[in-house]
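# Report on the structure
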Amino acid sequence: MKVLLVGSGAREHALAWAIARSPSLTELHAAPGNPGIAALGHCHPVRADDGDGLLDLARTLGIDLAVIGPEAPLVAGVGDELRHAGIAVFGPGAEAARVEGSKSFAKEVLAAAGVAAAATLSVARAPCVIKADGLAAGKGVFVCRTAAEVDEALRGAAAFGTSLVIEELLEGYEVSVFALCDGNRAVPIGAAQDFKRAGDGDTGPNTGGMGAYSPVAGTDVAALVEQIHQPVLDELARRGTPFVGCLFAGLMVTTDGPRVLEFNARFGDPETQVVVPRLEGDLLHALAAAANRDLSGVSLHESAEAAVTVVLTGPEYPARSDYAGAPIEGLEAAADDAFVFHGGTAVRDGRVVTNGGRILSVTALAATVGEARARAYGAVDKVSFQGMRYRRDIAAAAGG
Ligand code: AMP
Ligand code: GLY
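Bear in mind the structure is a predicted one, so any value in this text is a computation, not a measurement.

## What about the site of ligand 2?
With respect to spatial proximity, the complete set of residues near ligand 2 consists of D194, G208, F248, N264, R266, G268, D269, P270 and E271. In this structure, a nitrogen atom belonging to ligand 2 sits 3.3 Å away from a main-chain N or O atom of G208. Separating an oxygen atom of ligand 2 from a side-chain N or O atom of R266 is a distance of 2.8 Å. Counted by class, the shell around ligand 2 contains two nonpolar, three polar and four charged residues.

Below is the structure:
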């Protein structure tokens, strides 16, 4: 099978690693990819959101399966464009991707599917959560515990220029649950906890994610997928917009049970960097089966091992995501004990340098979360670049 992987983050590097292990792979191509992915396949200078460029590339290369990583091309309909040209695509069409692209659409689908979500409020009064509708890269959500925070949130959310969604403030712990979907069936692949704030102790601004671990104690992944993903798939299929791809449910587990905070129409980043290395089975075979609308014969199992990933960023992330040109040392030494997934790197004069906000994602596997954490930080200690920053408390409270 000839595969085109779309995207350039550490999530895509983790997917590339798993795809490259599959006996059914003949060629791995990526657009645009990154220097980590380049060690596993061929990278092409086509942007992830350039639908026409991707279609040309896929036709020229004779691609059998396109796997789309990021949300922007999915919401923009790149999946539809490729599918209309007869190429199997892992990733939903624009209509089904609205479960991520539009919070109000997601709420409507959840209500029709009978799945419990945070209740919508008609007035913004503390405590509540105020969200800008539409894609805002995690920055459009304001958790308000006081009236002053509500005022500030209303001003902040207005800057996005979209309509607002106001929700009840839920208390509990968060977990991200992932399933591969073929339009009708969902195959659970795991759950992870993500660390969204920039600073230790969950302080500082929201980011794309500073680290993650898996498994999450007390989380019955299969039961959650049955309870949450499956009814949503059924509802989307009923509407004539079946969801093919990775459905990612962001849940708050409350004392009254799980409540959906959000859906994403793709793999999570950095959750993929802990979920995928734990999977036993042929991931490429599963992605192709989903894209070809039949996951019935597919089984993937979570390994008994735990995984922890730590994201290394540039000095001003998340305010800036363009930290370019600092040479990165210690990549090979770190890879002795861990996976070093590239997120924002480039090669300059034969050396790997920084080129982004979330630069590397260092993942380790071990028997327990605690041991995986120690091993991941041990590998992080071997990596260095000027201005390198990371959280020191990823998975610290997870025990094990
Ligand atoms: P979202 O982009 O909707 O997942 O929101 C980003 C983050 O805001 C979530 O990961 C939660 O930490 C928080 N959040 C969102 N909605 C709620 C809610 N209804 N109650 C409590 N926290 C929330
Ligand atoms: N880590 C959260 C996300 O991928 O949206």
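## What to know about the side chain of H29
Examined against the element boundaries, H29 turns out to sit in strand β2 (residues 27–32). At a separation of 2.8 Å, a polar atom in the side chain of H29 contacts the side chain of E27. Ignoring sequence-local partners within four residues, the contact set of H29 consists of V3, L4, L5, H42, H44, L61 and I63.

## Topic: the site of ligand 1
What surrounds ligand 1 is a group of 14 residues, the closest being K131, E168, L170, E174 and E262. In the model, an oxygen atom of ligand 1 is placed 3.4 Å from a nitrogen or oxygen of the K103 side chain. Calculation on ligand 1 without its partners gives an accessible area of 470 Å², and the protein chains cover 91% of this total. Broken down by secondary-structure element, the contributors of at least two residues to the shell around ligand 1 are β6 (128–132) and β15 (257–264). Considered class by class, the residues forming the shell around ligand 1 number seven nonpolar, no polar and seven charged.

## A short note on the packing of aromatic side chains
One pass over the structure, following the stated rule, counts six aromatic pairs. With centroids separated by 4.6 Å and ring planes inclined at 55 degrees, the aromatic side chains of F178 and F248 adopt a geometry described as tilted. With F178 in strand β9 (residues 173–182) and F248 in strand β14 (residues 244–254), the pair connects residues that are 70 residues apart, well separated along the chain. According to the relative accessible area criterion, F178 is buried, its value standing at 1%. Using a relative accessible area of 4% as the deciding quantity, one classes F248 as buried. Considering the side-chain rings of Y377 and Y390, the 6.2 Å spacing of their centres and the 45 degrees angle between planes classify their relative orientation as tilted. Here Y377 is found in helix α13 (residues 369–380), whereas its partner Y390 is found in the segment after α13, with 13 residues between them in sequence. Among the residues examined, Y390 registers a relative accessible area of 15% and is labelled buried. Each member of the aromatic cluster is reached from another via a ring pair, and the members are W17, F339 and F341. In this structure, R98 is placed above the aromatic ring of F105, and the distance from its NZ or CZ to the ring centre is 4.2 Å.

## Section: the pairing of β14
Buried residues dominate β14, accounting for eleven of its eleven residues. Bridging between β9 and β14 involves ten bridges; their strand directions are antiparallel. Following the sheet pairing, D182 is matched in β14 by V244. As judged from the seven bridges shared by β14 and β15, these two strands associate in the antiparallel manner. If you follow V253 over to β15, its bridge partner there is P258. Hairpin remark: β14 followed by β15, antiparallel, with two residues in the connecting loop.

## Considerations on helix α9 (residues 221–238)
Relative to the 26 Å expected for 18 residues at 1.5 Å per residue, α9 spans 24 Å between its end C-alpha atoms, a close match to the ideal helical length. In α9, a bend of some 35 degrees at H229 exceeds every other bend along the element, and P231, a proline, comes one to four places later. The complete set of buried residues in α9 reads V221, L224, V225, I228, H229, Q230, P231, V232, L233, E235 and L236.

## Some thoughts on the environment of P127
Looking at the secondary structure, you find P127 in the loop between α7 (103–113) and β6. A sequence separation of 139 residues divides P127 from R266, and the C-alpha atoms of the two residues are 30 Å apart. Ignoring any residue separated from it by four or fewer positions in sequence, one finds P127 in contact with C144, R145 and L169.

What counts, and at which threshold
- Residues numbered from 1 in each chain as written.
- Chains lettered and ligands numbered in written order.
- Predicted model: local features only at pLDDT ≥ 70, side-chain atom pairs only at ≥ 80, totals over all residues.
- Heavy atoms only, no water.
- Near = heavy atom within 4 Å.
- Polar contact = N/O pair within 3.5 Å; in protein donor to acceptor, adjacent residues only side chain to side chain.
- Nonpolar A, V, L, I, M, F, W, Y, C, P; charged D, E, K, R; others polar.
- Helix = DSSP H or I, 4+ residues; strand = E, 2+ residues; numbered from the N terminus.
- Contact = heavy atoms within 4.5 Å.
- Areas by Shrake-Rupley, 256 points an atom, 1.4 Å probe, with all protein chains shown as cover.
- Phe/Tyr/Trp six-rings, centres within 6.5 Å; stacked < 30°, edge-to-face > 60°.
- Buried < 20%, exposed > 50% of the residue type's maximum accessible area, 1.4 Å probe, protein only.
- Lys NZ or Arg CZ within 6 Å of the ring centre and 35° of its normal.
- Pairing = 2+ DSSP bridges.
- Expected span 1.5 Å × (residues − 1).
- Bend = angle between axes of the 7 residues up to and from the residue.

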